[in-house]
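Fold and contact review
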Amino acid sequence: MDRRTFLRASTAAGGGLLIARPLGALAQSHLPSETTTGAARASRLFPATGQFVVHSDLHNHSIISEDAVGDPEAAYAQMRARGIDVASLTEHAVAGKLMENFAAFCEHSGECRRIQAMTDEDWQRLAGIADAANDPGAFVSFRGFEWTTGTLGHINVWFSEKWTDAWNTASLVTPRGGTQLSALIPGAPPELTEAFANAPDTAEMDLFYDWLTSDPGRPVLEGGNDGLAGFNHPNSQWGNFKDFEYFEQAVDRMVSCEAMNYDQDFFFKGVDEGRGWPLQRILDAGWRVGFLGVSDEHGETYGHPDAARGGLWVTELTRQGVRNALATRRMFATFEPGLRLDMAVSGIPMGQRHELTNGPVEVTLDVDAGPDLHGRQLVVQVVRPGGDEPLLAHEEEIVVRPAPAPMPSMMVEVDGTEGDWLFVRIVDPDRAPSDAAIGDWDASGGVLAYTSPVWFTADGAPPAAPTGPDSFAAPAAPPPPGQQLAAPLPVSGGGAALGGAVALGLAAMLRRQLAHRD
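First things first, this report covers the structure right here in the doc. Source: prediction; values computed, not measured.

1. Focus: unusual backbone geometry
- The linkage connecting Ala403 with the following residue, Pro404, adopts the cis geometry, with an omega of 15°.
- When you line up the elements, Pro404 lands in the loop between strand 16 (391-399) and strand 17 (409-415).
- Of note in this structure, Val220 is not a glycine but carries a positive phi near 65°.
- Its identity as a non-glycine residue notwithstanding, Asn235 has a phi of 65°, on the positive side.
- Position of Asn235 among the secondary structure elements: in the loop between strand 5 (228-231) and helix 9 (241-244).

The following block contains the structure:
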């Protein structure tokens, strides 16, 4: 069974500011010789901001996720040694929040432990591991979790004090996955299978977004509005977030979307199956997300040089600096270790909004990956909304040259009435085209990187994305000692499991009433 089969077929289908070191501390002297190549870090487009690029991998799993095999105690050291500056372990969150003793009911069955996945004990362990590896100014590490279903999709959450899972947000118990889920429970009573079969016809995203936009100190249900989140591998077999349904209250929390995951280019993902173009669909739906590359590691080789990576534009290499970069969508995705990539549209940085109605804009790129890329020819593709599929608004060959050579720029005509976003794909003729490529998109080679979008805002429209440092609410104070916010469901046998399923259904009804009571 491969690293994803289990989640596809069963569990998921069921439905304080730190002082930064000076920029010189970012010299790659702490990296092995094979990773010392790469571009200079400082921004050429926005030097007055003091921004510099750091390389990230914000989606990784360990044995805590049960469907992965890596050692969580070794993960951060491996990533740092392989040139990653910012890293996160994001374990699967399936059913462990309210079912701490689920494995005991399952008589320690491996399959049932996978259903449980991360627990509160694991959540605290992840904090200790990340804190021990965190080295402000040289390497930043922090915990996260991956909200995991196969009906709706997977979402990473970072920086939150609390966590939730698919079971707690009533996103697992659906007819589509109920039978497989109950089949994994040895000795499961027929009533349990019947309860799953009689569950609602579709899972909903609203309870997760309700959690994501609520205060961590909220009684019983808690919340995650101190965190930031991102859509993982869109249009995959694990769901598409209810057709990328837009929730306005969550737009400032959902900051990213994976454009690259391990060796896959998600520009084309699912297009051949009639599911549309995922990056276009998620932007057309109204989400204001930047694009990330991640490894989504489930094995034992963290920071693999052949896996996708992200780039973040920070002013300090600290957790706060990383948080600000994510919140302002100052990020990119790439298959090229050591890449520096940024984009400006008539002086507006990628990740921000441009006050434009119609007319030409100048797209300027800062792209470099060190001597290995100097003199190489790349192809720039400017992507705009195009109705049923993305529009190739401009395509141009460039040659990568180091400073002080001028940065490549091009004029692109924009009609704001046709759509409110623009981003850039960079294609490398020396890379093989994607197997899923359609039309002429990869005729010149394979994709090297994606910038985050710029959004165009017509007169009178509100800002489309944050334009300054992260101003989100600080974490709420913890509850008074002894105050219990949420008790785990008792699990002692078949009747208890059925009772838990019934209790979940009642809780889901209550949560939906609370979420829509205005």
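So that's the structure; there's more coming.
2. As for the sheet that holds strand 11 (residues 340-345)
- The 4 strands are arranged 12-11-14-17 in an open sheet whose pairing can be described as antiparallel. The open sheet terminates on both sides in strands that have one partner only, identified here as strand 12 (348-349) and strand 17.
- Summarising the sheet, strand 14 (residues 358-368) and strand 17 pair through 7 bridges and their orientation is antiparallel. What sits directly across from Val361, in strand 17, is Val412.

3. Describing the side chain of Ser256
- Residue placement: Ser256 occurs in strand 6 (residues 254-261).
- On the basis of relative accessibility, which here comes to 2%, the residue Ser256 falls in the buried class.
- Excluding anything up to four places from it in sequence, Ser256 contacts Trp158, Ala229, Gly230, Phe231, Val289, Gly290, Leu292 and Met331.

4. What about the environment of Thr169?
- Looking at the element boundaries, Thr169 is found in the loop between strand 4 (154-158) and helix 6 (175-183).
- Exposure remark for Thr169: the relative accessible area of 2% places this residue in the buried category.
- Taking C-alpha positions, Thr169 is 8.6 Å from Asp206, a pair spaced 37 residues apart along the chain.
- A polar side-chain atom of Thr169 sits 3.3 Å from the main-chain carbonyl oxygen of Ala166.

5. Quick look at the pattern of salt bridges
- Per the stated rule, a full pass over the model turns up 22 salt bridges.
- Arg288 is the partner of Asp420 in a salt bridge, and the nearest nitrogen-oxygen pair spans 2.5 Å. Remark: Arg288 occurs in the loop between helix 10 (278-284) and strand 8 (290-294) and Asp420 occurs in the loop between strand 17 and strand 18 (421-428); sequence separation between them is 132 residues.
- Look at Arg288 and you get buried, because its relative accessible area is 12%.
- When the shortest N-O distance is used, the salt bridge between Arg340 and Asp366 registers 2.8 Å. Residue Arg340 is found in strand 11, and its partner Asp366 is found in strand 14; the two are separated by 26 residues along the sequence. Neither Arg340 nor Asp366 differs from the other in exposure class; each is buried.

6. Things to note about the packing of helix 2 (residues 72-81) against helix 5 (residues 120-133)
- Taken N-terminus to C-terminus, the directions of helix 2 and helix 5 make an angle of 30°; their axes are 10 Å apart at the nearest point. Taken together, the axes of helix 2 and helix 5 lie roughly parallel to each other. Where helix 2 crosses over helix 5, the handedness of that crossing is right-handed. Residue-level inspection shows Pro72, Glu73 and Tyr76 of helix 2 in contact with helix 5, the latter providing Arg125, Ile129, Ala130 and Ala133.
- Partitioned by chemical class, the residues of the contact of helix 2 with helix 5 number 5 nonpolar, no polar and 2 charged.

Calculation notes
- Residues numbered from 1 in each chain as written.
- Predicted model: local features only at pLDDT ≥ 70, side-chain atom pairs only at ≥ 80, totals over all residues.
- Heavy atoms only, no water.
- Helix = DSSP H or I, 4+ residues; strand = E, 2+ residues; numbered from the N terminus.
- Pairing = 2+ DSSP bridges.
- Buried < 20%, exposed > 50% of the residue type's maximum accessible area, 1.4 Å probe, protein only.
- Contact = heavy atoms within 4.5 Å.
- Polar contact = N/O pair within 3.5 Å; in protein donor to acceptor, adjacent residues only side chain to side chain.
- Salt bridge = Lys/Arg side-chain N within 4 Å of Asp/Glu carboxyl O.
- Axes fitted to C-alpha atoms, helices over the stretch in contact; angles between N-to-C directions.
- Parallel < 35°, antiparallel > 145°, perpendicular 65-115°, else oblique.
- Left-handed = near helix turned anticlockwise from the far one by under 90°.
- Nonpolar A, V, L, I, M, F, W, Y, C, P; charged D, E, K, R; others polar.

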